[in-house]
Amino acid sequence: MGADKLLSFEEAIEKYEPVLGFEVHVELSTKTKMFSGAPNEFGGAPNTHVAPVDLGLPGSLPVVNEQAVRYAISLGLALGCSIAESSRFARKNYFYPDLAKNYQISQYDEPIAFEGEVEVELDDGTLVRVPIERAHMEEDAGKLTHVGGATGRIHGAEYSLVDYNRAGVPLVEIVTKPIFGAEDRAPELARAYVATIRDIVRSLGVSEARMERGNLRCDANISLRPRGQEKLGTRTETKNVNSLRSVERAIRYEIQRQAAILDAGGTIIQETRHWHEDTGTTSPGRPKSDADDYRYFPEPDLLPVMPSKELIAELRAALPESPAAFRRRLQAEYGFTDSEFRDIINANLLVEMEQTVAAGAAPAQARKWWLGEILRIANARGVEAGTLITPLHVSELIALVESGQLTDRLGRQVLEGVVAGEGSPDEVVKARGLAVVSDDTALLAAIDEALASQPDVLDKIRDGKVQAAGAVIGAVMKAMRGQADAARVRELVLERAQA
Amino acid sequence: MPDEPTPISAEQVQHLANLARIALTPAEIEHLAVELGSIVDNVRKVTEVATPDVPATSHPIPLSNVFRPDEVGDVLTNEEALSGAPDAADGRFRVAAILGEEQ
Amino acid sequence: MDLTRLPASELAGLLSTGEVSSVEATRASLDRIAEADGDLHAFLHVAGDAAIARASEIDQLRRDGRELGPLAGVPIAIKDVLCTNDMPSTAASRILEGWIPPYDATVVARLRAAGMVPLGKTNMDEFAMGSSTEHSAYGPTRNPWALDRIPGGSGGGSAAAVAAFEAPVALGSDTGGSIRQPAAVTGTVGMKPTYGGVSRYGAIALASSLDQVGPVSRTVLDSALVHDVIGGHDPHDSTSLRDPWPSFAEAARAGAASGSLAGVRVGVVRELDSEGFQAGVRQRFDEALALMQNAGAEIVEISAPNFEYAIAAYYLILPAEASSNLAKYDSVRFGLRVTPGETATVEQVMSASRGAGFGPEVKRRIILGTYALSAGYYDAYYGSAQKVRTLIQRDFAAAFAQVDVLVSPAAPTTAFRLGEKLDDPLAMYLNDITTIPANLAGVPGMGLPIGLAPEDGLPVGIQLMAPAREDARLYTVGATLEALLHESWGGPLLDRLPADFGRSAARESGQPDHLVPAPGPGTEPDGGTA
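What you see is a predicted model; the values in this text were computed from it and never measured.

> Before we go on, may I ask you to explain the environment of proline 323 of chain A in this structure?
Residues and elements named next belong to chain A. Position of proline 323 among the secondary structure elements: in helix H6 (residues 323–334). Along the sequence, proline 323 and lysine 31 sit 292 residues apart, while their C-alpha atoms lie 25 Å from each other. With sequence-adjacent residues up to four places away left out, proline 323 is seen in contact with Asp199 and Ile200.

Rendered as structure tokens:
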């Protein structure tokens, strides 16, 4: 690992054209599994979310989850795909201990969705159309834990343990056609593509799409061909690159690695490669060979899925706006510049923004709070900003500040309270007693107290040195523990001087 | 397809046994090569009438859209799940170290 | 009164009036098993006390005045291919030795719910691959008509148990004739329902698109009664039909009562009545046709030209599906594990376990199926076989446009000798020629005894076939034919079953006793196989 020779990225791109392809697996968020009534839930004690089918018990039979089919069709439609009039399942036969039946029920020659296109937006707003070959339904495998040996990895382990809780979780595998023309932006496109798929499945509500949980997994194919050559180069498939950042890095690494080999007159081996997050490198996995004979054949235990035109129309009508269209619409509505808007997208806060504005906040205020204080807290804690507070609470908070009931500074304290789980902004204001003191009597009392210790201030003001009021205002604010409107205090001090 | 016999080599049988993950003795392999050759000679008769205009039938009674509602059922307890396991530990099935990679 | 000799329908009558208790009936069956199964080895597991306990529960329910199904309290034997949550379910394979599933097959759950009393699990060819029950990992079952003969297969255990009065009825499974052919060679009745008519959930799969569970009995009515219990839609089996089914028992009773086949058009399939069939089989078949004609049936000769390709298609489709269905036996979650040395990897453990756990016929078919599905051969073999399936369905459609039922001998010969075809898989496969077309097309088929072959005194069966979903028609026509035959014989064929299972006949014909193989070992450590 790490011993690979690399060409510089710039030189690699100058000499070779990268061709990309992606297989993204999306775990659907159905209640139960693809072919059994066992719960589809992350975690749980090992082998407790299993039905006979999930363990491949003799005599058990699969039955298709209708919700999974509906989700798969919706996803196919959102990817701009045609939905097959007749689609069927097939068995992919290979032995592996995490595969209970030693075949995976997948789709082969008749996928549920085919021939689509996804619009992907790069960081600078450039739009790239990624062609989709197919999206098909299949089942997930169980989980292996390798025990013994130092690394917890497969090599050197003494034995392995198998948990089939994940076995049979419904998946949709989205396969792109070869993607040409990305050039030096190939790594960025890779990240943006996966982010787009994530946004699409989230907006559809068909998957939680949490990459860290493996809800969304990306296998990235890449090949290089010398400039001017028509024939595609040999590709590698980098497996399970499980964060957006890793997708970008892995593609970049593979381009540099392959280019170095080709540059030295070598040949690329068609193989799977493993991404190592820690070192930022890939290492060789299983070579593809003639021995890969999956012996696909139509799954005899299942019948064709033939979605009616009515069902497809119903699901199409229920599709949410595409993320790209959504973005264009919001930017126009908010009147943000490209750069203002991109900050929101890059912070992955568009949906939160939209909901905050929908709840009544002004776009500029919403942007200020989300990209400001909330993002600051999120970054400090290393979590997604959207997980800290709901858009509704943000809009309530903004309303409190706008109406003068809170100062910005108090608003930040209220935010802290909401994030800490103390309740809604109103509840935090009440519980912490944070409201601005708007009672002039209380303010005047505090002013008089401050003036008592600084008797010369009023004279200075009368002499035209209005800035002398600052010392009194500061003292009052301190006495009121910040819960006063400084502007009002100033007005009152000036009134006193004229009295 | 012509009528000449289809010899199946021992290597071919070994390859098939690897795909099917069955350890065979050399004697079994030799024996199977001969038997398979003669069986295949007989069954390839299907190619005589399987012309391109004939559609394939994979289910004897055609049905479609057979679905299950997305409702929990048939869940086994951990004890039931492991009841037939040759070896288990920590609620999981235990197997010897794995040589090959995930597919 | 010997309770074991009663058909289930009559026993059920006595049970419902309280003249006989289920405990008495069950004990009679268990005693008969203890007496006969040392010779026959029809059972791999005998429920024993558990059966008595269940029978006693049913008797109590009856005393409590509870409403019970028509077969409540009747004992039943269950082919070992079906999952039972209280008995080992091994499909007669070493690889599943001792395995007790955590769930019941749907048909088993239904017969339990109907108050039937499971007697035990019956022997079969390993994973139902075979036509003789010689491929059982636990030793063969012998034919009660002659102990040196095979009882048919794969369901030889269920057929022998019923023929020898060890059980009034049994469950079988039929992928290419495994219910009908054993029925034919043991003088019993067996029904393969329309594909999808009976749930496959919990039936250990051989070939998913061909397998069908069905009843085995001594009378047509008994099969119908059992079919009524186990049939109907099951949401756990995607291929299960949602059709409403008529009462098969009523259909059988109507057929037996009418005594007439007037207006019934009976098609004789030319391709299933070959010159090469045993003379005595053809003779009895012709006599049965004459009997039907006399009863008013119109006999029509039918040609089904593509049936000629049925065996070839079957021996591609079955091994292909089986090679995949049997991949789950890998020693990880259940079943035999063989560890070849300390440092063996899981891959080596799987290979060794499968090498040791599967018998020769299973290995042969898995390798054949792997070949048929592998890259470069799929289209020529598996793909072509699926097309032949279409052609066979067309032949059936054309035939049923002309006739109401199709008939053929149920098997080309009477029961052959143990060991006779064991070394010649092709000869064994050809034995299924008559039964396979029904599985490929999914239509129902019934095997029914029509006499003993003059040359060897062994049972001969007829096969009746009807269009898909017309199972009731087979019960009606079958029961009529059965009634006519009983009338002509003066009683059921099984009245002529030799009390010593043909031992003396074998001696007279000069067959030395040692040709009769010793009983094989059972799955039970306590020797509970009897």
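> Just checking my understanding: could you explain the interface of chain C and chain B for this structure?
How large an interface is tends to be reported as the accessible area lost when its parts come together. Listed as interface residues are 64 residues of chain C and, on the opposing side, 55 residues of chain B. Buried area between chain C and chain B, both sides added, is near 5000 Å², and the carbon and sulfur share of it is 68%. Considering only the side of chain C, the residues that lose the most area to chain B are Ile367, Tyr371 and Lys387 of chain C, jointly responsible for 13% of the buried surface there. The interface formed by chain C and chain B includes three salt bridges. Put simply, glutamate 308 of chain C and lysine 45 of chain B hold a salt bridge, and the shortest N to O gap is 3.4 Å. Applying the counting criterion to the chain C and chain B interface returns 17 residue pairs in polar contact (both at pLDDT 80 or more). Those elements that provide at least two residues to the side of chain C that touches chain B are helix H10 (310–325), helix H11 (346–357), helix H12 (360–373), helix H13 (379–400), helix H14 (425–430) and helix H15 (436–441) of chain C.

> Even after reading the chapter, I still don't get the pairing of strand S14 (residues 281–287) of chain A, so can you show me in this structure?
Two faces make up the sheet, and in a regular strand the side chains alternate between them. Residue and element names in this part refer to chain A. Most of S14 sits out of view: five of its seven residues are buried. With five bridges connecting them, strand S13 (residues 271–276) and S14 associate as antiparallel partners. By the bridge assignment, histidine 274 is partnered in S14 with serine 283. Adjacent in sequence and paired antiparallel, S13 and S14 are bridged by four residues, among which glycine 280 carries a positive phi angle near 70°.

> So what exactly am I meant to see when it comes to the interface of chain A and chain B here?
With 60 residues of chain A at the interface, the matching set in chain B holds 37 residues. Here chain A meets chain B over a buried area of about 4100 Å², counting both sides, of which 58% is carbon and sulfur. Taken as a group, Phe95, Leu161 and Leu303 of chain A account for 14% of the area that chain A buries against chain B, more than any other trio of residues on that side. Summed over the shared surface of chain A and chain B, the result is zero salt bridges. The interface formed by chain A and chain B holds 22 residue pairs in polar contact (both at pLDDT 80 or more) in total. Among the elements of the structure, strand S2 (64–65), helix H2 (66–78), strand S8 (143–147), strand S9 (159–163) and S14 of chain A are those that each provide at least two residues to the side of chain A that touches chain B. In terms of residue class, the side of chain A that touches chain B is made up of 34 nonpolar, 14 polar and twelve charged.

> Is there a simple way to explain the pattern of salt bridges in this structure?
Side-chain pairs of opposite charge can arise where the charged atoms are in close proximity. Residues and elements named next belong to chain A. For the structure on display, the rule yields 67 salt bridges over all chains. As a salt-bridge pair, arginine 129 and glutamate 119 come within 3.7 Å of each other at their nearest N and O atoms. Placement of the pair is arginine 129 in strand S7 (residues 127–139) and glutamate 119 in strand S6 (residues 113–121), with a sequence separation of ten residues. Accessibility expressed as a relative area gives 53% for arginine 129, which makes it exposed. Between arginine 367 and aspartate 343 there is a salt bridge, and its shortest N-O distance comes to 3.1 Å. On the criterion of sequence distance, the pair formed by arginine 367 in helix H9 (residues 363–381) and aspartate 343 in helix H7 (residues 338–346) is long-range, its members being 24 residues apart. Residues joined by salt bridges that share partners form a network here, namely Asp4, Glu254, Arg257, Glu271 and Arg273.

> I keep staring at the side chain of aspartate 54 of chain A and nothing clicks. Help me out?
All names here are of chain A. Mapping aspartate 54 onto the fold places it in the loop between strand S1 (16–27) and S2. At 2.8 Å, the side chain of aspartate 54 and the backbone nitrogen of alanine 51 are in polar contact. Among residues more than four places away in sequence, those in contact with aspartate 54 are Lys33, Ser36, Ala38, His49, Ala100, Tyr164, Ala167 and Gly168.

> I would appreciate a short explanation of the side chain of threonine 480 of chain C in the present structure.
Inspection of the secondary structure assignment puts threonine 480 of chain C in helix H16 (residues 471–489). Here threonine 480 of chain C is in contact with Gly255, Ala256, Ser258, Gly259, Ser260 and Leu261 of chain C, once residues within four sequence places are set aside.

Definitions and cut-offs
Residues numbered from 1 in each chain as written. Chains lettered and ligands numbered in written order. Predicted model: local features only at pLDDT ≥ 70, side-chain atom pairs only at ≥ 80, totals over all residues. Heavy atoms only, no water. Helix = DSSP H or I, 4+ residues; strand = E, 2+ residues; numbered from the N terminus. Contact = heavy atoms within 4.5 Å. Buried area = accessible area lost by both parts, 1.4 Å probe. Salt bridge = Lys/Arg side-chain N within 4 Å of Asp/Glu carboxyl O. Polar contact = N/O pair within 3.5 Å; in protein donor to acceptor, adjacent residues only side chain to side chain. Buried < 20%, exposed > 50% of the residue type's maximum accessible area, 1.4 Å probe, protein only. Pairing = 2+ DSSP bridges. Nonpolar A, V, L, I, M, F, W, Y, C, P; charged D, E, K, R; others polar.

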